[in-house]
Amino acid sequence: MKWLKFDSGSGVSTLWIFLLVLQVALLADGSPLAAPSAADGRPGSSSSRLPGGGRNSEETGGGSRGGDIQLKTKHEWKRRHRKSSECRLGRERHNINEEWSPNLGPPFGVWSCVKCQCIPVPKKRRVVAKVKCRNVKNECPKLECTNAVVLPGACCKTCVAASTPAVLLPRDEPPEDLTGRDFAVLLNGRTSQTPMTTSRVATGRLSLRRGTLHFSFLMEEGAPPPESIQFMNDTGNILEILEAQPTPYEATNNRLCGTWTRMPKEYKALLREEKMWVSLYPAEDSGEDVISGLVSRYTGVDTEVFSSLLIPSPTANQTLSGGGTAIISVDRKTDSLHVSLVFNGVFGAGETHNASVAVQLMPSRALPPVIDTVVLSKIASDLNRVEYMTTLGESSLRLLTRGHVSMKVWSQAAPDLAIEGLVTSRVTCNVFSTVLSLPEPQSLEDALPAYETYSPPYGAGWALLTLSNEGDFEYQIFVKGISVTSLKLETQHRKGPRVVKDITPSFSGSWANGTYSRPTYRDLDALLRGKIEVVVSSDDTGGQVLKGMLNQVAVTEALRSPQPVLLLSPQISMAATVWIAVDSACVTHYDVMVGGRPPAGAPEPFWNLTLREEDTEFDPRLDMTTMFLENEVKGRELFAHSTELDKLSLSRLGSGVTYLDLVLIQSEEGESSLPPLTGLVKGVNVPPKCLLDSDVALPPPVIINPDVTPDRICISDSHRVCINQQDGSHAAERSHKCKDADNRVFEDGSSWQSPANTCSMCMCTKGEIKCQDVMCPRLECEDPVTPPGQCCPVCPSAHDIGRPEKMCNFNDVRYSVGAVWYPFLVPKGFDKCVTCTCQTSSRGEPSVTCARLSCPALVCDESMFEQKPGACCPTCKPPPPEPTVVTGDTGVINNPPLSEDEYKANILDTGGCIYRHKSSTFQYLAKNGEEWHPRVASIGIYSCITCKCKDGNVTCNPKQCPTLTCQKMVQVDVECCPRCQDSIDASQLFPATRREPSRGAKNKKKANPRIRYQRRNSG
């Protein structure tokens, strides 16, 4: 690795240059990025969905849907293959032979002195795209001028000329050729590059639109779906491998669809030159063979209305069987059929020239068949083509539209080798969709802000339609924001709009679900040509009308979702739909369709797409995420995917707490004053491997033993705390907040009374809720009573028991006057070493007094103190045993130190005392002559009384107060004796009390279901 040095004017140190070159060199190595693990997961399984993942009542049809579109769940996602036809450098993707300067991001930006190129590299039988970068600094020409400068965005210095240098404008891409962009292919053993002894037959249709290749394949009944679809050149090298995508709707069985996005120019040229092959690659354990075929531009494929897959008859017995496909279009003037046949394997061994081929169309309703005979001058073993015109009579188009006609092809010399099949609608996945909004502008005069014609609020919706093999139109329509008075399918005619189907009777509760079971040929032709429009009428906002033209949908990974997400705003006349799905590699796919009139009369909308989380259900303890999915997109369609969502975001996506915001840009600076088009994402199935573990969300509350202090509240390796700590994955930010069953969120260290059991206290400790039953102190009175709503009894001497205005508030819990309790402190719970009492002050107000248990003096050194678990006072550690020592010959043995019991006996023998107040359970050991203040359970240490131990007897006397001569005397709470009022100030008479603000109202607003409180008897 060479060291690169720029001139000092560049301001970049040599070390930084070395690191940047190292980064580019590593990226230029071309090794595939580490693919995510492909563990099996069934995204379609309902068991993998988190709570809240289902659709709500408004956005689901509800009840019986009749002809509702059903989603397949039997197919599993396969491992996503990395595209061979594009290079990746960071987050950027580049096509083959594309050249660019890498963008290293802030603060460096685009590195103009490095040029990278995506080049095709043969690798065994594959053509793999790899990145190759070079430093163009050494390629700069030598300049003779002395005033050379580096222009912005350039690497080499340029002489400053007297005149302004010419600026080379970027060349626009040539417009897309709209002719000859439809293709067809026949796949069986004979058409393969290497002939295969298999009886499987398939046919496909391919269409190139805006740089994306859309493909669909029709398989024979019972054929297993292939594992992948491979595109090859004429030498057999694999250009691209794509995943086989079965259509997600039951109405189009036996069809595989998909897209090849960002198809390189070189491969587009191969496609147009008919030098590209496609193969269906089966799974290794299926026992099937690979079938392939050459993609060609057959006659009539661009106007095709009906298709047929021709397979060998059950009576045919061939080692290398045949097959075929029929491409059928209709002459609009005569209603005659133009049939283009592509077939093989129907000829006998001796047929080579001038073979007669019979083609039979057989209606299924006892109508006579129509047989046409065509003579082939020369026979090929791989592919034969036949074109002819025919008709079935007046009812031919109606029968073909409803799937009541079959086709049979055979050679008159070998009728036992016939191939046959049912004639259906065109071989595509036949999924059509549209956004319902105010009509798009048809002219410059119409391209005005929609609010000049209509006034908000605006409505919006979407429509989805599939075409079955029997020719039925199965539709699903959702409208929101307006009251619908009319809902129709229309097509434009020379004399005005023609109603295809009035589906107003099937509309109910924002939904219309049903089947148009007997469409005419004109209806089918209008649908396939994109001429059927959904028209929604309303009496709201001046007769607002929503429209949308049904167009064929590109079947991508995002179409696996059961329905799109509707993005709308009542203040904007535009709307959008987003299909969103997550595959087994945890990649999020989304397809965006924008409809309506762009703001300020723009011909095309300009927008950003943002993902926003508002979690109130899954886990609101963690921070919410706002992520830009797309920036500054121009156009009405987008097919993209993102790998930026971590497991927390994917879990929220599947829980239905994620929103999508589409912001319309009004200026070149990216500014917008319009509200965003917003929609809640519902019904997305996320594979289990892409979710947080099921025990991550929250465990049940822990009922801890009050007599045992836990060594550690938080276990660092627990999934309940260390969320999303997976191998190499980005961990979610750790949170110590807690969430209960009522979706209330509590801060770490807070405590509250259980709403399910008033005699239980709960606390939040490092993300975990722990609850304890209330512990009642022992009372030194007879016949204690328990006030209503209280957990612990009180002595009946308190005359304010049960009066709401005479109650104490301690940690958001109310106590009656006379109540005695242990305070509940986080993280250990009830502290039995502190006693709190609610009593009435001298001013008649309830007040709380807390006192800690006074501990006796210890005779040992402080270093020998020992605090036992659950004990309130420390004790002396037992001294280590000393060895027995014999001194001299006298045989005297040194005695060990005294034990605690021996020490107590020595104190009592020397005149000591044991004192215990009647309201306390604590015994106090005093030496002879020692004085102290007694401890009273209701008030703690009572300094107004002094006790003294003398020769084994305890005497307690109150403090002697002086005689006062003043007329007005005042008793202060903190003093034992009264004082003259003139001798004290107001601050002593009315001491200020400080109250902690209540947290109950704040915590009560937050919520999420996980923790369930357990009601237990307080004893």
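Residues numbered from 1 in each chain as written. Predicted model: local features only at pLDDT ≥ 70, side-chain atom pairs only at ≥ 80, totals over all residues. Heavy atoms only, no water.

K.L.:
Sorry if this is basic, but what is going on with the environment of Phe347 here?
P.N.:
Position of Phe347 among the secondary structure elements: in the loop between β19 (337–344) and β20 (353–363). Considering only alpha carbons, one finds Phe347 and Ala418, 71 residues apart in sequence, at a separation of 8.8 Å. (Helix = DSSP H or I, 4+ residues; strand = E, 2+ residues; numbered from the N terminus.)

K.L.:
For this particular structure, what's the right way to read the state of the cysteines?
P.N.:
By definition, a disulfide is the covalent link that joins the sulfur atoms of two cysteine residues. Per the counting criterion, the structure on display carries 21 disulfides. Each sulfur in the disulfide pair Cys836 and Cys850 lies 2.0 Å from the other. Its torsion about the S-S bond being 110°, the disulfide of Cys836 and Cys850 is classed as right-handed. Residue Cys836 is found in strand β54 (residues 834–840), and its partner Cys850 is found in strand β55 (residues 846–852); the two are separated by 14 residues along the sequence. Here Cys944 pairs with Cys976 through a disulfide, and the sulfurs are 1.8 Å apart. One disulfide, between Cys944 and Cys976, carries an S-S torsion of -95° and so falls in the left-handed class. Highlighted residues: Cys944 in the loop between β64 (940–941) and β65 (945–950) and Cys976 in the loop between β67 (969–970) and β68 (979–980), separated in sequence by 32 residues. By relative accessible area, Cys944 is classed as buried at 13%. (Disulfide = S-S within 2.5 Å. Buried < 20%, exposed > 50% of the residue type's maximum accessible area, 1.4 Å probe, protein only.)

K.L.:
Could you clarify how one ought to interpret unusual backbone geometry in this entry?
P.N.:
One can expect most non-glycine residues to show negative phi and most peptide bonds to be in trans. Along the chain, Val826 connects to Pro827 via a cis peptide bond; the corresponding omega equals 10°. Of note, Pro827 is situated in the loop between β52 (824–825) and β53 (829–830). Positive phi is not limited to glycine here, since Asn97 has a value of about 70°. With respect to the secondary-structure elements, Asn97 resides in the loop between β2 (92–95) and β3 (99–100). Owing to a relative accessible area of 38%, Asn97 belongs among the partly exposed residues under this scheme. Of note, Glu632 is a non-glycine position whose phi angle comes to about 55°, a positive value.

K.L.:
Explain the environment of Ile665 to me, please; I cannot follow it from the model alone.
P.N.:
Examined against the element boundaries, Ile665 turns out to sit in the loop between β41 (658–664) and β42 (677–681). Taking the C-alpha atoms as reference points, Ile665 and Lys634, separated by 31 residues in sequence, lie 9.6 Å from one another.

K.L.:
For this particular structure, what's the right way to read a nonpolar patch on the surface?
P.N.:
A cluster of nonpolar side chains, contributed by Val149, Leu151 and Val160, occupies part of the molecular surface with about 220 Å² of accessible area. Along the chain, Leu151 turns up in the loop between β6 (149–150) and β7 (157–158). (Patch = residues over 30% accessible without salt bridge, like charges linked within 9 Å, V, L, I, M, F, W, Y side chains within 5 Å. Areas by Shrake-Rupley, 256 points an atom, 1.4 Å probe, with all protein chains shown as cover. Salt bridge = Lys/Arg side-chain N within 4 Å of Asp/Glu carboxyl O.)

K.L.:
Honestly, the nonpolar core in this entry has me stumped. Any pointers?
P.N.:
Residues Phe306, Leu341, Phe343, Met407, Ile477 and Val534 are the most contacted members of the largest nonpolar core, which totals 59 residues. When sequence neighbours within four positions are dropped, the list of residues in contact with Ile477 reads Leu436, Trp462, Ala463, Leu487, Ile503, Ser510, Trp511, Ala512 and Val534. Residues Val127, Phe183, Leu242 and Trp260 belong to the second largest nonpolar core, which totals 40 residues. (Core = buried A, V, L, I, M, F, W, Y, C linked by side-chain atoms within 4.5 Å. Contact = heavy atoms within 4.5 Å.)

K.L.:
Would you mind showing me how to read the pairing of strand β66 (residues 953–958) here?
P.N.:
The side chains of a regular strand alternate, residue by residue, between the two faces of the sheet. Here six bridges tie β65 to β66, and the two strands are oriented antiparallel to one another. Paired with Lys950 across the bridge in β66 is Asn953. Two successive antiparallel strands, β65 and β66, enclose a turn made up of two residues, where Asp951 displays a positive phi of approximately 55°. (Pairing = 2+ DSSP bridges.)

K.L.:
What's the story with the sheet that holds β54 in this structure? I'm lost.
P.N.:
In spatial order, the strands read β51-β54-β55; together these three strands make up an open sheet with antiparallel pairing. Both edges of this open sheet fall to β51 (820–821) and β55, since each of them pairs with a single strand only.

K.L.:
Is there a simple way to explain the environment of Met276 in this structure?
P.N.:
Examined against the element boundaries, Met276 turns out to sit in the loop between α2 (265–272) and β15 (277–281). Taking the C-alpha atoms as reference points, Met276 and Ser296, separated by 20 residues in sequence, lie 8.3 Å from one another. Ignoring sequence-local partners within four residues, the contact set of Met276 consists of Phe231, Met232, Leu239, Trp260, Met263, Tyr267, Leu270, Leu271, Gly293, Leu294 and Val295.

K.L.:
I would appreciate a short explanation of the pattern of salt bridges in the present structure.
P.N.:
Pairs can form between side chains of opposite charge whenever their charged atoms are close. Across all of its chains, the model carries 14 salt bridges by this definition. What emerges from the salt-bridge pattern is a single network uniting Glu99, Arg134 and Glu139.

K.L.:
Explain the side chain of Ser411 here, please?
P.N.:
Structurally, Ser411 can be placed in strand β23 (residues 405–411). A polar contact is formed between the side chain of Ser411 and the side chain of Glu351, at a distance of 2.7 Å. Residues in contact with Ser411, not counting those within four places in the same chain, are Val346, Phe347, Glu351 and Ser356. (Polar contact = N/O pair within 3.5 Å; in protein donor to acceptor, adjacent residues only side chain to side chain.)

K.L.:
Help me out: how do you make sense of the sheet that holds strand β39 (residues 626–634) in this one?
P.N.:
Think of a sheet as strands paired side by side through backbone hydrogen bonds, with each pair either parallel or antiparallel. Across the sheet, which stays open at both edges, the four strands sit in the order β39-β38-β41-β42 with antiparallel pairing between neighbours. In the strand order of this sheet, the two ends are held by β39 and β42, each with one partner. In this sheet, neighbouring strand axes are inclined to one another by 15° on average, regardless of whether the strands run parallel or antiparallel. Examined bridge by bridge, strand β38 (residues 606–613) and β39 share six bridges and lie antiparallel to one another. From the neighbouring strand, Phe606 faces β39, where its bridge partner is Lys634. (Axes fitted to C-alpha atoms, helices over the stretch in contact; angles between N-to-C directions.)

K.L.:
Would you mind showing me how to read the pairing of strand β31 (residues 511–516) here?
P.N.:
Within β31, five of the six residues are buried, which leaves the element mostly enclosed by the surrounding structure. The pairing of strand β27 (residues 473–480) with β31 spans six bridges and is antiparallel. The residue of β31 that forms the bridge with Phe473 is Tyr516. Pairing between strand β30 (residues 507–508) and β31: two bridges, direction antiparallel. Paired with Phe507 across the bridge in β31 is Ala512.

K.L.:
I would appreciate a short explanation of the packing of aromatic side chains in the present structure.
P.N.:
Any two aromatic rings considered together are summarised by their centre-to-centre distance and by the angle between their planes. One pass over the structure, following the stated rule, counts 14 aromatic pairs. Centroid distance Trp260 to Tyr267: 5.9 Å. Interplanar angle 50°. Geometry classified as tilted. The same class applies to Trp260 and to Tyr267, which are both buried. Plain terms: the ring middles of Trp462 and Trp511 are 5.6 Å apart, the flat faces sit at 85° to each other, and that makes the pair edge-to-face. Here Trp462 is found in strand β26 (residues 460–467), whereas its partner Trp511 is found in strand β31, with 49 residues between them in sequence. The burial state of Trp462 is the same as that of Trp511; both residues are buried. Here Lys408 stacks its cationic end above the ring of Trp410, 5.7 Å away from the centre of that ring. (Phe/Tyr/Trp six-rings, centres within 6.5 Å; stacked < 30°, edge-to-face > 60°. Lys NZ or Arg CZ within 6 Å of the ring centre and 35° of its normal.)

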